[in-house]
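Understanding the architecture of this molecule
Chain by chain, the residues:
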Amino acid sequence: ARNNMGNSMLEAAALTGLIGAEPGTVGLTGNTSLGVLAVALNLDWRRGDRVLLLDGEFPANVIPWQQAARRHNLALSWLDSDEFRISRARALSRLEDELKQGVRLLAVSAVQFSTGQRMPLEQIGQLCHQYHAVLFVDAIQAVGIVPLNVQALGIDYLASGSHKWLMAPEGAGLLYVAPQRADALQPNLAGWLSQEDPFAFLERAPGELRYDR
């Protein structure tokens, strides 16, 4: 198990460089959906928070936010993803109008699955941060072929699987969390490997068996 953990750390470090992230901000998941769910179900939501979604997105980047909305009484608003292809200027203007009304989080794919449209993440990130909205990006259609720099683009959270342009088997993915956004996540799902130094009681002494790590 320790060898597996070491390999995981090396893999996460490689993925960190691939998306322009800081060390220690990328973890491995099982797939894109688990990365989306990790944010959607663990963010410190407030009743009435608005979440902005795009009609036309792959369901992996919609259904978890609907789940969060039901659980935390959030308000969902929608934009048309295809409008960014038809008239980018008009779409960005409508996005800004929504953000002006107050949005807690915008969820968008880096590349739209049905059209291959590459979304204007730089402009979207600038608008989100101008109006104090969190930007979540589903990047499975982009990582490995489309250059991404989460810091330069102002991305707060990013999730991806590995079976597209990373050309790996299904069952592996990544989650990026910007350092300033980590404290907003509350670990509602945790197991024994979620602890710091989880193998201490097995490797050192029974007295290391603790539940407060």
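Here goes a summary of the coordinates provided. Just so we're clear, the structure is a prediction, and the values are computed from it rather than from any experiment. (Residues numbered from 1 in each chain as written. Predicted model: local features only at pLDDT ≥ 70, side-chain atom pairs only at ≥ 80, totals over all residues. Heavy atoms only, no water.)

On to the pattern of salt bridges. It is possible for side chains of opposite charge to pair when their charged atoms get near one another. For the structure shown, the criterion picks out 12 salt bridges. Note that Asp 156 is salt-bridged to Arg 181, the shortest N-O span being 2.9 Å. Residue Asp 156 is found in the loop between helix 7 (150-153) and strand 6 (157-161), and its partner Arg 181 is found in the loop between strand 7 (173-177) and helix 8 (200-203); the two are separated by 25 residues along the sequence. Overall, the relative accessible area of 0% leaves Asp 156 in the buried class. Under the relative-accessibility criterion, Arg 181 is labelled partly exposed at 23%. Three or more residues are tied together by salt bridges with common partners; here these are Asp 44, Arg 46, Asp 49 and Arg 104. (Salt bridge = Lys/Arg side-chain N within 4 Å of Asp/Glu carboxyl O. Helix = DSSP H or I, 4+ residues; strand = E, 2+ residues; numbered from the N terminus. Buried < 20%, exposed > 50% of the residue type's maximum accessible area, 1.4 Å probe, protein only.)

Attention now goes to unusual backbone geometry. One non-glycine residue with positive phi stands out, namely His 132, at about 60 degrees. Along the chain, His 132 turns up in the loop between helix 6 (121-130) and strand 5 (134-138). In this structure, Asp 197 is a non-glycine residue whose phi angle is positive, near 50 degrees. Mapped onto the fold, Asp 197 is located in the loop between strand 7 and helix 8.

A few words now on the nonpolar core. Ile 19, Leu 95, Leu 121, Ile 124, Val 137 and Leu 158 are the most contacted members of the largest nonpolar core, which totals 37 residues. Broken down by secondary-structure element, the contributors of at least two residues to this core are strand 2 (50-55), helix 5 (88-100), strand 4 (105-109), helix 6, strand 5, helix 7 and strand 7. Filtering out sequence-adjacent residues up to four positions away, Leu 121 remains in contact with Val 108, Ala 110, Val 137, Leu 148, Leu 153 and Ile 155. Core analysis: the second largest hydrophobic core is formed by 22 residues, Val 39, Trp 45, Leu 53 and Val 62 among them. (Core = buried A, V, L, I, M, F, W, Y, C linked by side-chain atoms within 4.5 Å. Contact = heavy atoms within 4.5 Å.)

A few words on helix 5. Helix length check: helix 5, at 13 residues, gives a terminal C-alpha distance of 18 Å against a target of 18 Å (1.5 Å per residue), a fit within 8%. Restricting attention to buried positions, one finds in helix 5 the residues Ala 91, Leu 92, Leu 95, Glu 98 and Leu 99. Down the axis of helix 5, the buried side of the element spans an arc of 115 degrees, and every buried residue falls inside it. Away from the buried face of helix 5 by more than 90 degrees, exposed residues Ala 89 and Lys 100 are located. Contact partners of the buried residues in helix 5: strand 2, strand 3 (75-80), helix 4 (83-86), strand 4 and helix 6. Where helix 5 terminates, the next one or two residues include Gly 102, which has phi positive at roughly 100 degrees. (Expected span 1.5 Å × (residues − 1). Arc of directions from axis to C-beta.)

Our next topic: the sheet that holds strand 1 (residues 26-29). Ordered in space as 1-7-6-5-4-2-3, the 7 strands form an open sheet in which the pairing is mixed. Strands at the two margins of the open sheet, each flanked by one partner only, are strand 1 and strand 3. Between one strand axis and the next, the sheet turns by 20 degrees as a mean value, whatever way the strands run. Two elements, strand 2 and strand 3, share 6 bridges in a ladder whose sense is parallel. (Pairing = 2+ DSSP bridges. Axes fitted to C-alpha atoms, helices over the stretch in contact; angles between N-to-C directions.)

All right, on to a nonpolar patch on the surface then. Residues Trp 192, Leu 193 and Leu 202 make up a contiguous nonpolar surface patch of roughly 340 Å² in combined accessible area. Tracing the backbone shows Trp 192 in the loop between strand 7 and helix 8. Since its relative accessible area comes to 44%, Trp 192 is described here as partly exposed. (Patch = residues over 30% accessible without salt bridge, like charges linked within 9 Å, V, L, I, M, F, W, Y side chains within 5 Å. Areas by Shrake-Rupley, 256 points an atom, 1.4 Å probe, with all protein chains shown as cover.)

Residues in a regular strand point their side chains to alternate faces of the sheet. Of all 5 residues in strand 4, 5 are buried, a share of seventy percent or more. Both faces of strand 4 are covered, namely the face carrying Leu 105, Ala 107 and Ser 109 and the face carrying Leu 106 and Val 108. Here strand 2 runs beside strand 4; their pairing, made up of 2 bridges, is parallel. Its bridge partner lying in strand 4, Val 51 is registered against Leu 105. Pairing analysis gives 5 bridges linking strand 4 to strand 5, with the strands arranged parallel. Within strand 5, the residue paired with Val 108 across the bridge is Val 137. Between strand 4 and its parallel partner strand 5, the chain crosses via helix 6, and the hand of that crossover is right-handed. (Right-handed = clockwise from strand over helix to strand, strands pointing away.)

Shape descriptors only; they carry no functional weight alone.
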